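# Coordinate analysis (summary)
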Amino acid sequence: MVRFREGARLDTSGVQDRRGGGGRAAAVGGGGIGVLGLIAFVLVQVLGGGGGGGSSADVANILAQLQGGGSGTADNTELAQQCRTGADANDSADCAAVAIVDSIQDYWTEALPAATGTGYADTQTVFFSGSVQTACGGATSGSGPFYCPGDQLVYVDLTFFDQLQTQFGARGGTFVDAYVLAHEYGHHVQNLLGTNQRVTPGETGPTSGTVRLELQADCYAGVWANHATTVADDGQEPLITEITQDDVDRALDAASRIGDDFIQTNLGGGTVDQDAFTHGSSAQRERWFSTGFQTGDPAACDTFSTDDLG
Ligand SMILES: [Zn+2]
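These numbers were taken from a predicted model, which means no experiment stands behind them.

Quick notes on the rules
- Residues numbered from 1 in each chain as written.
- Predicted model: local features only at pLDDT ≥ 70, side-chain atom pairs only at ≥ 80, totals over all residues.
- Heavy atoms only, no water.
- Disulfide = S-S within 2.5 Å.
- Helix = DSSP H or I, 4+ residues; strand = E, 2+ residues; numbered from the N terminus.
- Buried < 20%, exposed > 50% of the residue type's maximum accessible area, 1.4 Å probe, protein only.
- Salt bridge = Lys/Arg side-chain N within 4 Å of Asp/Glu carboxyl O.
- Core = buried A, V, L, I, M, F, W, Y, C linked by side-chain atoms within 4.5 Å.
- Contact = heavy atoms within 4.5 Å.

So, on to the state of the cysteines. Taken as a whole, this structure holds three disulfides when the rule is applied. Covalently, Cys 83 is tied to Cys 95 through a disulfide, its sulfur atoms 2.1 Å apart. Its S-S torsion of approximately -75° makes the covalent link between Cys 83 and Cys 95 left-handed. With Cys 83 in the loop between helix H3 (77-82) and helix H4 (86-91) and Cys 95 in helix H5 (residues 93-116), the pair connects residues that are 12 residues apart, well separated along the chain. Considered together, Cys 83 and Cys 95 belong to a single accessibility category, that of buried residues. Across a sulfur-sulfur distance of 2.0 Å, Cys 219 and Cys 301 are joined as a disulfide pair. The sign of the S-S torsion, about -75°, decides the handedness of the disulfide formed by Cys 219 and Cys 301: left-handed. Linking Cys 219 in helix H8 (residues 209-227) with Cys 301 in the segment after helix H11 (282-295), this pair joins segments that are 82 residues apart in sequence.

Considering all chains together, one arrives at 10 salt bridges under this definition. Residue Arg 5 pairs with Asp 233 through a salt bridge whose shortest N-O separation is 3.2 Å. One end of the pair, Arg 5, is in the loop between strand S1 (3-4) and strand S2 (15-17); the other, Asp 233, is in the loop between H8 and strand S8 (240-242), and 228 residues separate them in sequence. Each member of the pair, Arg 5 together with Asp 233, is buried. The salt bridge involving Asp 218 is made with Arg 285; its shortest N-O contact spans 2.8 Å.

Residues Trp 108, Phe 175, Tyr 179, Trp 224 and Phe 289 are the most contacted members of the largest nonpolar core, which totals 65 residues. Breaking this core down by element, the ones donating at least two residues are H5, strand S7 (153-156), helix H6 (159-166), helix H7 (174-193), H8, helix H9 (245-255) and H11. The element that contributes the greatest number of residues to this core is H5, accounting for 12 residues. If sequence neighbours within four positions are ignored, Trp 224 has contacts with Ile 100, Ser 103, Ile 104, Tyr 107, Phe 175, Ala 178, Ala 182 and Ile 240. If you look at the next biggest cluster of nonpolar residues, it comprises nine residues, including Ala 139, Phe 146, Cys 148 and Leu 153.

Next up, the structure:
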């Protein structure tokens, strides 16, 4: 089980707690469209100069789910009191999420300039409960965690991590949460690099840019995981002291349950429709996380230049 350095100081400035009242609220059922939006990358060209008429299916999905209100204001007071040290992260899933965000950003701050020459810009993860307003429109928990390029924020209702187990049958665990968060920060890295401009909004299918973007985010998550126990935090020591084979197995198990084919078969219409793929198959998601994890090299994640996506 992934462990955090007991004495490490946690920095909650990497998150915005907009849950109101703190703690985990009741899960919102994620059926239908919501499930298809799982771990969605909301590709918005509006602010990127894409002009009118190009709204992506993802955005349409999100907007369709707009239930209004519920945006909440950020208040980290409770979180800052609750999540002070690595020991707190070992005891609390919420504090673990704070620590994971910290670790992921420590890694990319170091690695992105080295690998690409492009600097990394810190960004926050918004913890929300039920529904949330974003620069990409309103969203609900049913969308699953997502990244919004418009405001460059990661959004997650932490109850999603429970849903992964109850609805998707994943084994779950802290390292699964880490995989999901690292995937979303992978989208932030893509946004910084301009990679999303290589994708036609709304494009779907097994070799579509949309799928290549998602598989690359999985690969980036694996790359972080490779370095997670060695990258130094502000205290010049690794924040994560241990990742076990069981952790990695659990991440792969989760990846296998959020592939398009698994979702279509088990939570959708029951049949696989490759033309509708947006994230890649379960096998592909496992493969690209593994590629990142085994190589630890962002350059190994070039899903756009290969004919073999797995
Ligand atoms: Zn994604």
